[in-house]
Amino acid sequence: MPASGFQTFGAPHFVAMGLTLALPMALAGAARRGPPGARGAIAAAWAAVLLGNELVWWAVRIGQIGFDGWVRNHLPLHLCGAAVLLTAATLLFRSRKTYEIVYFWGLVGSLNAVLTPGGLDAGFPEYRFFQYFIAHSGIVVGVLYATWALGMRPTLGGLLRAFACLNLFAAGVAGVNLLLGSNYLFLSGPPTDTASPFFRIPWPWYLPVLEFVGLGMFFLVLAPFFCTRRRRPGRGLTAPDPGSP
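Residues numbered from 1 in each chain as written. Predicted model: local features only at pLDDT ≥ 70, side-chain atom pairs only at ≥ 80, totals over all residues. Heavy atoms only, no water.

1. A few points about the environment of L50
You can see L50 is positioned in helix 2 (residues 38–73). Judged by its relative accessible area of 1%, L50 is buried. Sequence separation of L50 and S137 is 87 residues, and the distance between their C-alpha atoms is 9.9 Å. The residues contacting L50, other than those within four sequence positions of it, are V84, T87, A88, I134, A135, G138 and I139. (Helix = DSSP H or I, 4+ residues; strand = E, 2+ residues; numbered from the N terminus. Buried < 20%, exposed > 50% of the residue type's maximum accessible area, 1.4 Å probe, protein only. Contact = heavy atoms within 4.5 Å.)

Structure below.
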């Protein structure tokens, strides 16, 4: 089947979006029905998928553009790149500290990347198509699996900490951009391959706008847990992790 370039809301895109929701449901169901240890085994397997996909992509890009080009453009310093590593750490170590960060960073940033891929010019069945969706959909799958199968839950305090970490991360990335002449997190200028309306705002004014919108999206993905709390008086926004040591 020849590749014809990526088409937003084409059939392969709809399949990828459907799998992004169906796969964590299937994995969580398998974990609940499986033998003792199934939760941890599935979590470790999905972490391996995320890390393996990322390492292969790094090797491919180094082969294509050289190590210097990879350092300037493909270090895990964009939000989704960092979220891949945080999701894998959450699944491997059941860390609530990484979970509360990646729940907000991953669901807001990566889910948006799944729904409206920016800069993806490779269609099904090209390697880049699979790599892109394994990475971005994989973050969403990992976060939802940690929530549905490992019993982890976001909190309001976690939201505030995730937002503070995002700003600290951005400050560090700004320093890296100055050092390398790179544009991680698009702090130095807008991307050239996106139709996002936010980047139509002149630099640097789109940065505070994106921060405000991002904070609002953080509250949006936390909202279901507030609704659950209201329906079940006396229960907090946290739940025990059945796999915690």
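From this point on, the discussion continues.
2. Points about the packing of helix 1 (residues 11–33) against helix 2
What describes two packed helices is the angle between their axes and the distance between those same axes. Interaxial distance between helix 1 and helix 2 falls to 8 Å at its minimum, and their mutual angle equals 145°. Seen from above, helix 1 lies across helix 2 with right-handed handedness. When helix 1 is examined against helix 2, the residues L23, L27, A30, A31 and R32 are found in contact with a partner set consisting of A38, R39, I42 and W46. (Axes fitted to C-alpha atoms, helices over the stretch in contact; angles between N-to-C directions. Left-handed = near helix turned anticlockwise from the far one by under 90°.)

3. Structural notes on the packing of helix 4 (residues 96–115) against helix 6 (residues 156–180)
The interhelical angle for the contact between helix 4 and helix 6, taken along N-to-C directions, is 75°, at an axis separation of 8 Å. Taken together, the axis directions place helix 4 and helix 6 in an arrangement best described as roughly perpendicular. Counting all contacts with helix 4, which are made through E100, I101, F104 and W105, the residues of helix 6 involved are G158, L159, R161, A162, C165, L166 and F169. (Parallel < 35°, antiparallel > 145°, perpendicular 65-115°, else oblique.)

4. A word on the pattern of salt bridges
Under the criterion given, the structure shown has one salt bridge. Of the charged contacts, one joins E100 and R161 as a salt bridge, the two residues approaching to 2.7 Å between their closest N and O atoms. Placement of the pair is E100 in helix 4 and R161 in helix 6, with a sequence separation of 61 residues. (Salt bridge = Lys/Arg side-chain N within 4 Å of Asp/Glu carboxyl O.)

5. Considerations on the side chain of Q131
With respect to the secondary-structure elements, Q131 resides in helix 5 (residues 127–148). Q131 has contacts with N53, E54 and W57, leaving out every residue within four places of it along the chain.

6. A look at helix 6
Between its terminal C-alpha atoms helix 6 stretches 36 Å, which fits the 36 Å expected from 25 residues at 1.5 Å a residue. Here helix 6 has its buried residues at G158, L159, A162, F163, V173 and N177. (Expected span 1.5 Å × (residues − 1).)

7. Focus: the packing of aromatic side chains
Overall, the coordinates contain 17 aromatic pairs when judged by the stated rule. With a centroid separation of 6.0 Å and 35° between ring planes, the pair formed by F9 and F14 is classed as tilted. On the basis of relative accessibility, which here comes to 46%, the residue F9 falls in the partly exposed class. Plain terms: the ring middles of F67 and W70 are 5.7 Å apart, the flat faces sit at 35° to each other, and that makes the pair tilted. In this pair, F67 and W70 both sit in helix 2, three residues apart, roughly one turn of the helix. (Phe/Tyr/Trp six-rings, centres within 6.5 Å; stacked < 30°, edge-to-face > 60°.)

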